[in-house]
Structure formats: C-alpha cells, structure tokens
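As a plain string of letters, each chain reads:
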Amino acid sequence: MNEPLPRRTFLATGLLAAASAAWPSALSRAAHAAVAPDSGQEPLFRISLAQWSLHRALRDGSLDHLDFARVTRDEFGLDAIEYVNTFFRDKARDAAYLATMNQRAADHGVVQHLIMVDGEGRLGDPDASARQRAVENHHKWVDAARTLGCVTIRVNAASEGAWEEQARLAADGLRRLCEYGETVGINVIVENHGGLSSNGRWLAGVMRLVDHPRCGTLPDFGNFNLGDGQVYDKYVGVQELMPFAKAVSAKSHDFDDRGEETDKDYRRLMKIVLDAGYHSWVGIEYEGSRLPEREGIARTKHLLERVRDEMGGARGGSQPDLRTRG
C-alpha cells in the first residue's frame, strides 16, 4: 500500500498538474520552483536520472517508457528526468502521447529536463544537403522538448575529415539548429560522445565557433574514448567543456566495497564542475554491466549525495543556476 504523499510533494504535484495545461515553459518554471529547498539555500547541485540508466529494462519490456517518471520518483526519490529519444522515437509529433508524458511527470512531481537525441543524421555531415536534412530532422525534437517543458535537447556533433574541417562543419549544423531552438526557447547541447567530440579541446573549439547563447555542452564523465585504444584525459576534458555546460552526466560503471566508482574520482570531477560555477542538474547515467541497473543507479546517487555533503551540501542565496533554463 502506498504511503500518503508528504504535504510538500502533494503541493508540488498539484502545481505541476495545473501548469501542464498551460504554456510549456510554465511547466518547467513551476517544476523548478517546486523542487527548490525551503531553507532559502540552494543545493550545490541537483541530481537527475538519465533514462539510459534503465536501457536494458526499457528494451526488454520490463519497464515502459511512460513509467520512467514514476520509477524516478518512487524508487529513487529524484526530482528530474532526462529522456532518450530512442525510447519514444515515433512519438515526437504525437500530441496525445506527449500530453500523457506531461501528465505522468506532473503526477509524480518530476522535472522533464532534457531529451537526448540520437539517430537523426550528422549535424556535421560534409554533404551540405545531408547536413541540412539532419538539422531539419532535429526540429521535431526541439518542438517535442518545448511541449514537454524541457529546456534542452542533447545532440551529437558527428562529422568526418580533418580536425579543422570537422569543427567547421559541426559548428555550421549546430548553429542552424540553435537558431531554430532560439525561436522556441530550447537549448542545443553536445555531449562528448565518440569521434572528435570525445576530445575536449576539439569540442570546446566547436562551441567557440558556434558562438550562440543556446549552444552548450553536456560533459560526460566517461565518454572520452577516442578510438584505436586512445583515451582522452577525463579530468582535462571535463574542465575544457565545463565553461559551456548546460547539463552534466555523471557516468558510472562499477563500484568498490567503499561505494567509490572504480574508474573515476567523483570528488575531483565534481570539484571541476562546481569550480566552473555550475550548480544545476547532474544526471545519473549508470552504464555498467556487473550490477543490476537499479542497484547501479542507487549506488551512483549515494556517491553523488555523499560527495555533495562532503563539499558542504548547500550554497547561500535563493537564486538557482539559470544557465540551463529556457
């Protein structure tokens, strides 16, 4: 039997439900307000859940996409979700389905933070017509993000060719997409996610070329594989990408008996994040194979909370980090 909702959660849920029928950005504003602490202090950072953490359950059918908000709240006590378009690929323009997603998020009092978008073409394709098609393919996800009250879509900066040419092409596609995002108040951010994008220096250079306020990065703690056995230094890479960050992915794979991530120094990484002035959502993205998905998520959450407590837990003032907002 379910326990009654605490008064604050009940009020937040009611606020979200009312906002979901209004302009989508109102839902986002209401959601952010609903999770703000009552003490007048803001947390050093907030913790969200990336849907990829449950990709095995979603793929084998033991978890339905529409239940993601419920699981995030009821099983992990988290306030925000990060979707992956793979799990509702044919629903970007399905108004009824998106309305159901809005209602589920409102019912469970969670913020729909962003959509990670894959499989829509290369934004840095050397062929101009293919590059333009890729930009246009992403438009529906910008529109879906707006409908869901998200503030951001995450895209890839795939291209081919020499270093400088790939940077120029990726910047071209990204800027075109950002110009569309600007019309509806949606950010476009790039994750270090294979190829040259996993080189922090290259991706930071692309951000400078794009030079658009809607463009940014999603530094991922674990995606620095350059191929051919080469790995970019994760600490250098995160530091290079943080000046442009509008989201952060706390990638995890495995844990030791002390609850520490076996391949990443979370304290060092989170210090880099906070030293950049970032205090918004840090997404749990468990990608390990040894632990069950839900256990991996729980351990990642516990580690992030422990690191946050060690670093002071909260910061003064009542103003949230607005860099991720629409």
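It should be noted that the structure appears before, not after, this text.
Quick summary incoming for the structure in this document.

## Comments concerning the overall build of the protein
Right, on to step 1. Across its full length, the protein carries 11 helices and 12 strands.
Right, on to step 2. Counting over 326 residues, the protein shows a buried share of 56%.
Right, on to step 3. Partitioning the intrachain contacts of the protein with sequence separation of at least 6 by distance along the chain shows that 79% fall at a separation of at least 24.

## Things to note about the pattern of salt bridges
Right, on to step 1. In this structure the tally under the stated criterion is 29 salt bridges.
Right, on to step 2. We note a salt bridge from Arg-73 to Asp-79, for which the minimum N-O separation is 3.1 Å.
Right, on to step 3. The partly exposed category is assigned to Asp-79, whose relative accessible area is 24%.
Right, on to step 4. Shared partners join several salt bridges into a network, and the residues in it are Asp-220, Lys-251, Glu-285 and Glu-287.

## Describing the nonpolar core
Right, on to step 1. Ranked by size, the top nonpolar core spans 90 residues in total, and within it Ile-115, Ile-153, Leu-174, Val-206, Phe-221, Tyr-278 and Leu-304 carry the most contacts.
Right, on to step 2. Counting residues per element, this core draws most heavily on helix 6 (residues 128-148), which supplies 7 residues.
Right, on to step 3. With near-sequence residues (within four places) excluded, Phe-221 lies in contact with Lys-234, Val-238, Val-248, Ser-249, Ala-250, Lys-251, Lys-264, Tyr-266, Leu-269, Met-270 and Val-273.

## A word on the packing of aromatic side chains
Right, on to step 1. Going through the model one piece at a time under the given rule, you end up with 6 aromatic pairs.
Right, on to step 2. Summarising the aromatic geometry, the rings of Phe-88 and Trp-141 are spaced 5.3 Å apart at their centres and angled 90 degrees between planes, so their arrangement reads as edge-to-face. Of the two residues, Phe-88 sits in the loop between strand 3 (80-84) and helix 5 (95-108) while Trp-141 sits in helix 6, which places them 53 residues apart along the sequence.
Right, on to step 3. The class for Phe-88 is buried, based on a relative accessible area of 2%.

## A word on the packing of helix 8 (residues 200-210) against helix 9 (residues 234-241)
Right, on to step 1. One way to put it is that helix 8 packs onto helix 9 with a least axis distance of 8 Å and a crossing angle of 5 degrees. Here helix 9 runs roughly parallel to helix 8, going by the angle between their axes. Taken together, the residues of helix 9 that come into contact with helix 8 (itself represented by Gly-200, Arg-201, Leu-203 and Ala-204) are Gly-237, Glu-240 and Leu-241.
Right, on to step 2. Residue composition of the contact of helix 8 with helix 9, by class: 3 nonpolar, 2 polar and 2 charged.

## Describing the sheet that holds strand 2 (residues 46-50)
Right, on to step 1. Taking strand neighbours across the sheet as the criterion, the 8 strands line up as 7-6-5-4-3-2-11-10 in an open arrangement whose pairing is parallel. A single partner strand is all that each edge strand has here, and the edge strands are strand 7 (215-218) and strand 10 (248-252). Each adjacent strand pair in this sheet contributes to an overall mean axis angle of 30 degrees, direction not counted.
Right, on to step 2. One ladder, built from 5 bridges, connects strand 3 with strand 4 (residues 111-116); its direction is parallel.

Criteria and thresholds
- Residues numbered from 1 in each chain as written.
- Predicted model: local features only at pLDDT ≥ 70, side-chain atom pairs only at ≥ 80, totals over all residues.
- Heavy atoms only, no water.
- Helix = DSSP H or I, 4+ residues; strand = E, 2+ residues; numbered from the N terminus.
- Buried < 20%, exposed > 50% of the residue type's maximum accessible area, 1.4 Å probe, protein only.
- Contact = heavy atoms within 4.5 Å.
- Salt bridge = Lys/Arg side-chain N within 4 Å of Asp/Glu carboxyl O.
- Core = buried A, V, L, I, M, F, W, Y, C linked by side-chain atoms within 4.5 Å.
- Phe/Tyr/Trp six-rings, centres within 6.5 Å; stacked < 30°, edge-to-face > 60°.
- Axes fitted to C-alpha atoms, helices over the stretch in contact; angles between N-to-C directions.
- Parallel < 35°, antiparallel > 145°, perpendicular 65-115°, else oblique.
- Nonpolar A, V, L, I, M, F, W, Y, C, P; charged D, E, K, R; others polar.
- Pairing = 2+ DSSP bridges.

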